[in-house]
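# Architecture at a glance
The residues making up each chain are set out below.
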Amino acid sequence: MIFRILLGSFLVFALSLVHAERALPQGIRSPAKREVRATAQDFFDYIHKDYQPRAEKLTAEDVEASWKFNTNITAHNEQEMIASSEKVAKFDKEIATYIRANFKDVDFSANATLKRVRDKLVLLGDANLPDAEFSELQTVEARMKNIYSTAKVCKTIGVHADDVEDKCPKEHQLELEPGITQLIQNSRDEPLLKHLWKSWRDATGRHMKHDYARYVVLKNKGAQMDGYADNGAAWRSTYVEPDLEYLDQNFIDEAEGIWQQLKPLYEQLHAYVRHSLQTQYPTVRGLRNPKGPIPAHLLGNMWAQQWSNLQDFSRPHPDKPSLDVTPAMVEKNYTANGMFHMSDDFFASLGLIRMPGKFWDHSMLSKPDPKERLVVCHASAWDFYNREDFRIKQCTDIRMKDFITVHHEMGHVEYYLQYKDLEIPFRRGANDGFHEAVGDTLALSVQTPSHLKSLGLLADSFNINDSDLEENSLYSMALEKIAFLPFGYLMDKYRYDIFNGKIKPENYNSKWWEYLAEYQGICAPVPRSEDDFDAGAKFHVPSSVPYMRYFVSFIIQFQFHEAMCKEAGYTGPLHRCDISDPSLGEGGKRAGALLAKTLKMGSSQPWQNAIETITKGKTRKMDAGPLLEFFKPMQEWLTKKNQELKLIPGWHKITDCSAENFTSWLTQYNTEASAVMFADVTASWNYQTNITDANEAAMLAASANSAAFTQAKSHEMEAIFNATDVLQLNKTERRVFEKLSKLGDAALEAGDFNSLKTLIANMEKTYSTAKVCKDRGIRLDMAKCPEKHQLELEPHIKDILDKSRDPEEMKYLWHAWRDATGKKMRKDYISYIGLKNKAAVADGYKDTAEVWRAPYVEPSYNYTDANFLEEVDKLWVQMKPLYQDLHAYIRVKLRDLYGDKVITNLNGPIPAHLLSNMWAQSWLGLLGDTQPFRGKPQLDVSTEMVAQKWDADKMFKTSEKFFTDLGLIAMPQEFWSKSMLTKPEGREVVCHASAWDFYNGKDFTIKQCTSPNMQDLFTVHHEMGHVEYFLQYKDQWIPFRDGANDGFHEAVGDTLALSVSTPGHLEKLGLLKNYNSNDKDAEINFMFSTALEKIAFLPFGLVMDMYRYDVFNGKIKTTELNAQWWKYVNKYQGICSPVGRSEDDFDPGAKYHTAADVPYMRYFVSFVIQFQFHEALCNAAGHKGELHTCDIDSSKAAGKLMADALSLGSSEPWQVAMKKLTGQEKMDAGPLMKFFKPLQDWLRKENDRRKQKAGWSDDVTCTGSRTIASVLALVALFVLSLLR
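Conventions and cut-offs
- Residues numbered from 1 in each chain as written.
- Predicted model: local features only at pLDDT ≥ 70, side-chain atom pairs only at ≥ 80, totals over all residues.
- Heavy atoms only, no water.
- Helix = DSSP H or I, 4+ residues; strand = E, 2+ residues; numbered from the N terminus.
- Buried < 20%, exposed > 50% of the residue type's maximum accessible area, 1.4 Å probe, protein only.
- Contact = heavy atoms within 4.5 Å.
- Salt bridge = Lys/Arg side-chain N within 4 Å of Asp/Glu carboxyl O.
- Disulfide = S-S within 2.5 Å.
- Pairing = 2+ DSSP bridges.
- Axes fitted to C-alpha atoms, helices over the stretch in contact; angles between N-to-C directions.
- Left-handed = near helix turned anticlockwise from the far one by under 90°.
- Nonpolar A, V, L, I, M, F, W, Y, C, P; charged D, E, K, R; others polar.
- 1 Å grid on protein atoms, 1.4 Å probe; cavity = no way out; pocket = protein on both sides within 12 Å on 5 of 7 lines; lining within 4 Å.
- Points joined across faces, edges and corners; volume = space filled by probe spheres on them.
- Phe/Tyr/Trp six-rings, centres within 6.5 Å; stacked < 30°, edge-to-face > 60°.
- Expected span 1.5 Å × (residues − 1).
- Parallel < 35°, antiparallel > 145°, perpendicular 65-115°, else oblique.
- Core = buried A, V, L, I, M, F, W, Y, C linked by side-chain atoms within 4.5 Å.

In this section: the overall build of the protein. In terms of helices and strands, the protein carries 51 helices and twelve strands. A principal-axis box enclosing the C-alpha atoms of the protein has dimensions of 130 × 70 × 70 Å. Put simply, the protein has 1284 residues, and 62% of those count as buried. By sequence separation, contacts in the protein at least 24 residues apart represent 76% of the contacts at least 6 residues apart.

Right, dumping it as structure tokens:
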């Protein structure tokens, strides 16, 4: 780097500069009083005859004081340096005051250069500060620099940096240069590397954090007095050119654009190096993550800014040599002095200026004996502003990296030599990046294999045309140049945000690591805290040196290189160009002359002019194109190699990989999964609320992306955390691990996964777009059906089945719906079975049935799959008599309604089309015809809802109020703005009601084609119950954002609806009038209406999955899908088909959940446990009386009990949630039976009165004819009745 008056000089000169880059003399007498100068010529004379001679003298003295401190760190020299800086600051103020007073209104229109001088000299930077604060700033900076420059660590692992002097043997005490640096570069002892990495930060940054916070305040104050928003803006001002309308934001945007352009190349290099490190350090857990950041201590550099020292185990062709010529330099007895003379010769060969005699007399080119004096080893070039004294300070090692650094620092001095005769304010780079780029540009030629071979540093046998060697060479360059880019960018991105206040002192370190993780893809190998200040472990932070210059220089040096190669007459690949190649003749001198012409400009013109000069008019902008062209062969190789190794470029933004802590991994997973799942759910939502081919394609793509993510993350997790690690996880972490180990459908290969999702989408689309023509002669031919006669399931067919009492009309719709849906998807469903089972087996299950039951299995409770099936069977046996009693009652009531030609057998199943519901799962539509006590208030309040003009909005607001009155969470604003609560016009939608969690913690919606009727009112509560569950557990880890088991999620809203459906609550809502709560007949009517919804559903809730379990496990063959369906339906529900069925049909597909791949046992479970929940909430609310009369409205105690259970999500076994809510761990039908006991007693009496026997024959069809089996069954029932 250029020293440029570090820690005190030429503040005037800093449009944006740190005080370390001032160039005005301090401490000379004040300018003499003189007449007001009103012309540009007067100003010219003042600068050249008055200001400049004194400024040069004082600046030289100031730089000399800083040089003495940097090459001999003593308290005396520090005070001398600070005193000198204070003189400069005083002089700066006097000069600026004088110029402002005398030359403020001068017309510089004819001389823009003079205006540029004036504008620079009136800016003071740190010198704006009051004397006391300026002195304080100098002291703070000197103290931080002293901490850095005198820091030592102990080589012995376990000795803390603070104990080096007391506990570390002298021979083990290490300074940064060369001791620590050499070990970091060359050692492969991972514990030692970690120890050195941490110790250096303990010895440096940790001790300067308080000072740095004060430094920020003072730097900002000085910058703001110059008119800048903060010191970050002052630092960037070197790039700002107002006359060209290139402002601060233009530079910020351009730098970001360049980084985005380069990022893909860096990511490819990062992925390959990460893989190489995984091979080199197989036991380091922080490296196990195939898409993780790289532990910072393993990259061969204290700051992970260059990775050149990893070549020995990572170069593309390990059997071929690398380009590191360090061994050859040592073998040839290279010295520091000799390396600088070789560099000087190279510059001279291009016609550039040789180093003057004083350079060789006064420079510090190697590190002095620490016993004699301590020095600041960080390499730097120095301009003493007297046009004859230029120096370099460098603790040079005999290694290739230092050989390149020699050229870098010599490039600074060359720049000084070229512009030394300009006015002092112009003696600097066109912008900060220019100064850093000069030497590096020339080093690009020096580093070519051909040039190194010409120096004798590569053996004669080294074939510079060998493509493998060339790849090794380019890889070596990439480890230096490309690895540096993000660090060069983030150093000041971070400090800009400190200066502008976005980063507060209390977050200095955590934010530092966020920037490192974001840009470099590295992580801390040991835990870090806000006691640390790891940014301070880099020289430029305590030394107040802007760093964006290096990022800029790494871009423009390739532009310079390309331009100079072209000027030299070179025409080959850019990475092979050596402008000093003798074969180019005088080309090297032409290139040198072009460079010299550019350098002579200093900062006298906008930097865009300088770029235009060196590129000979090609461009005026910074351009990453030449860099990418240089590394194009390497980028192609890396991309191909990473694909071969199946490496994924990029990384998780994990800041701490001290042990690849599972919680930190999970935190990162949570962040990434949230984004992926949000995209997946959004695409599904878009499709289901607007069924189009484009939305279907987007949904399938998002689903495939989500599956790939799920699979990759599961594999990644298992790669990082082995079986031993898992045993060490706590209970909650193990539960997450187990959940994430199961992939579901994502266990399939991509092709099979896409096929499966396409099948499901096709079936769902068939279902959701199905229509039936009201004209029976047309049936399904919608092209012939008048639009007003085209019936959709919701609301048309649903309403007709609910209200019609025409058996033939209902039979027609029942039959036509199955032809329009299930029949059309049978072939797809058979393919679906195979793929679902294939996924299940790949995921470690026997079949999909076992997968679907997995949410109920809890190993910690020794609760197995078999236990669950056994419990379900027991629950059904417990409740079946109640269902059979209701079934018998309804059967005879339907006989009363339709006569014996429709209900031909009072001991048989009920024709399915007569039960007011497409699937006979709810019989609520029959209430008006079957209500036990007519003349009592109608408990189906649908008619009243219509009369009172209830709409969807009122239904949902009413539901929300019930939830919030319990103290539960209100629906967020996003719910109301994004939900689809009614069926839209003009587009196809999936009307089946559903609740949606978008996994971002704020978006929750419901999709429902709501109609104003009582059943939909309860459905509203049901769906809102899902959303309430989402809201309660939204802060859990994503794998725990689910119900305790599937049934829990379905039970929440239904539990609350049990209160809403009570006559007392319906009265509160104004929907039920003249209800006498003491009327036992009315009470039976209420329970009966509830039973038509709850009890009628039970066997359907069971049959849907008992049937599919046996499809998946193979008991039901694909050749008998429909026949077996009707056997199961008959067995459990006691219903029969009103028309003949065959294996051309597929009647299970007439139900949404079959087409949409949704398990159904959850509903059976929920209809049991909702009564358990209801009983517990009623107890919490202090309810006295029979269970069916309980309304928990406004009970905060009941609400809290529920919220506490819901907030667990699935983080605990469902038995824990059950116990928290109900006080016991098992599912139990007892509360349900208790709720309906008065009704069951009444039903049995009524059935006995009418001589009705519970149960039914096994007829699967009831078309009017009887099978032999059904006749025999009737005879058997008759005989049994006689025997009783």
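Next, the rest of the story.
Below, the discussion takes up the pattern of salt bridges. Across all of its chains, the model carries 83 salt bridges by this definition. Put simply, Asp-248 and Arg-236 hold a salt bridge, and the shortest N to O gap is 2.6 Å. Of this pair, Asp-248 sits in helix H10 (residues 248–280) while Arg-236 sits in helix H9 (residues 231–236); the two residues are twelve residues apart in sequence, bridging distant segments of the chain. Overall, Asp-248 belongs to the partly exposed group, its relative accessible area being 23%. For Arg-853, the salt bridge is made with Asp-865, and the minimal N-O distance between the two is 2.6 Å. Of this pair, Arg-853 sits in helix H34 (residues 848–853) while Asp-865 sits in helix H35 (residues 865–898), and the two are twelve residues apart along the sequence. Accessibility classification places Arg-853 together with Asp-865 in one group, the buried group. Sharing partners across several salt bridges, the network here consists of Lys-198, Asp-202, Arg-206, Arg-528, Asp-532 and Asp-534.

Here we come to the state of the cysteines. Summed over all chains, the structure comprises eight disulfides. Between the sulfur of Cys-154 and that of Cys-168 lies a disulfide, 2.1 Å long from S to S. What sets the handedness of the Cys-154 and Cys-168 disulfide is the S-S torsion sign, and at about 80° it is right-handed. Here the residue Cys-154 occupies a position in strand S1 (residues 153–154), and Cys-168 occupies one in the loop between helix H5 (164–167) and strand S2 (173–174), the gap between them amounting to 14 residues. Assessed through its relative accessible area of 1%, Cys-154 is described here as buried. Here Cys-773 is linked by a disulfide to Cys-785, with a sulfur-sulfur distance of 2.1 Å. On the sign convention where negative means left-handed, the S-S torsion of about 85° between Cys-773 and Cys-785 marks this disulfide as right-handed. Of the two residues, Cys-773 is situated in strand S7 (residues 772–773) and Cys-785 in the loop between S7 and strand S8 (790–791); the sequence distance between them amounts to twelve residues. Overall, Cys-773 belongs to the buried group, its relative accessible area being 0%. Using a relative accessible area of 5% as the deciding quantity, one classes Cys-785 as buried.

Let us look at unusual backbone geometry. In the segment running from Glu-177 into Pro-178, the intervening peptide bond is cis, with an omega of -5°. Looking at the secondary structure, you find Pro-178 in helix H6 (residues 176–186). Going from Glu-794 to Pro-795, the amide bond is cis rather than trans, its omega being 5°. Within the secondary structure layout, Pro-795 lies in helix H31 (residues 793–803). Positive phi, close to 60°, is recorded for Tyr-385, a residue that is not glycine.

What follows covers the pairing of strand S11 (residues 1004–1007). Moving residue by residue along a regular strand, the side chains alternate between the two faces of the sheet. A two-sided burial pattern is seen for S11, the buried positions comprising Phe-1004 and Ile-1006 on one face and Thr-1005 and Lys-1007 on the other. One ladder, built from four bridges, connects strand S10 (residues 994–997) with S11; its direction is antiparallel. The residue of S11 that forms the bridge with Asp-997 is Phe-1004. Hairpin remark: S10 followed by S11, antiparallel, with six residues in the connecting loop; positive phi at Tyr-999, about 65°.

What follows covers the packing of H31 against helix H32 (residues 807–820). Look at H31 against H32: their axes get within 9 Å of each other, and the N-to-C directions meet at 145°. Both H31 and H32 take part in a crossing whose hand is left-handed. Across the interface between the two elements, Leu-793, Ile-797, Ile-800 and Leu-801 from H31 touch Glu-809, Met-810, Leu-813 and Trp-817 from H32. Residue classes in the contact of H31 with H32 are distributed as seven nonpolar, no polar and one charged.

This part is about empty space enclosed by the protein. Counted by the stated rule, this structure contains six cavities of 30 Å³ or more. By volume, the largest cavity is sized at about 100 Å³. Lining the largest cavity are 15 residues, with Arg-818, Trp-919, Phe-1100, Trp-1125 and Trp-1126 sitting closest to its centre. Among the elements of the structure, H32, helix H44 (1098–1112) and helix H45 (1121–1133) are those that each provide at least two residues to the lining of the largest cavity. At four residues, the largest contribution of residues to the lining of the largest cavity is made by H45.

Next up on the list: the packing of aromatic side chains. Summed over all chains, the structure comprises 83 aromatic pairs. Seen in terms of ring centroids, Trp-814 and Trp-1126 are 5.8 Å apart; in terms of plane orientation they differ by 45°. Their pairing is tilted. In this pair, Trp-814 is assigned in helix H32 and Trp-1126 in helix H45, connecting sequence segments 312 residues apart. Grouping residues by exposure puts Trp-814 and Trp-1126 together as buried.

Tracing the sequence through the fold places Ser-84 in helix H2 (residues 75–103). Spatially, the C-alpha atom of Ser-84 lies 55 Å from that of Tyr-669, the residues being 585 residues apart in sequence.

Because an α-helix completes one turn every 3.6 residues, residues spaced three or four positions apart along the sequence face the same direction. Compared with an ideal rise of 1.5 Å per residue, which puts 20 residues at 28 Å, helix H15 (residues 400–419) spans 29 Å between its outermost C-alpha atoms and is within 8% of the ideal. Burial of H15 is extensive: 18 of the 20 residues sit out of reach of the surface.

Describing two packed helices takes the angle between their axes plus the distance from one axis to the other. Direction vectors running N to C along helix H21 (residues 548–568) and helix H22 (residues 587–599) enclose 135°, while the axes themselves pass 7 Å from each other. Classified by the angle between their axes, H21 and H22 sit oblique to one another. Here H21 and H22 pass one another in a crossing that is right-handed. For the pair H21 and H22, contact is made by Ala-563, Met-564, Glu-567 and Ala-568 and by Gly-587, Gly-588, Arg-590, Ala-591, Gly-592, Leu-594 and Leu-595, respectively. Per-class residue counts for the contact of H21 with H22 are six nonpolar, three polar and two charged.

This part is about the environment of Glu-141. Tracing the backbone through its elements, the reader meets Glu-141 in helix H4 (residues 131–150). Between the C-alpha atom of Glu-141 and that of Ile-82, which follows or precedes it by 59 residues, the distance is 9.7 Å.

Here the focus is the nonpolar core. Of all hydrophobic cores here, the largest spans 201 residues; its most connected members are Trp-200, Tyr-212, Leu-269, Val-273, Trp-307 and Phe-631. Grouped together as the second largest cluster of nonpolar side chains are 177 residues, Cys-773, Met-825, Leu-914 and Leu-1102 included.

Next up on the list: the environment of Leu-265. Within the element layout of this structure, Leu-265 appears in helix H10. Residue Leu-265 is classed as buried on the basis of its relative accessible area, which comes to 2%. Through-space distance from the C-alpha of Leu-265 to that of Phe-560 is 21 Å; in sequence the pair is 295 residues apart. In contact with Leu-265, not counting residues within four places along its chain, are Ile-482, Leu-627, Leu-628, Phe-631 and Gln-635.

End to end, helix H7 (residues 190–203) covers 20 Å across 14 residues, agreeing with the expected 20 Å (1.5 Å per residue, within 8%). H7 sits mainly inside the fold: eleven of its 14 residues count as buried. Buried residues in H7 make contact with H4, S1, S2, H6 and helix H20 (508–520).

On to the side chain of Thr-1090. In this fold, Thr-1090 is placed in helix H43 (residues 1080–1094). What makes Thr-1090 buried here is its relative accessible area of 7%. Aside from chain neighbours lying at most four places away, what touches Thr-1090 is Ile-1095, Phe-1235 and Phe-1236.

Fair warning: the whole summary comes from geometry, so function is off the table for now.
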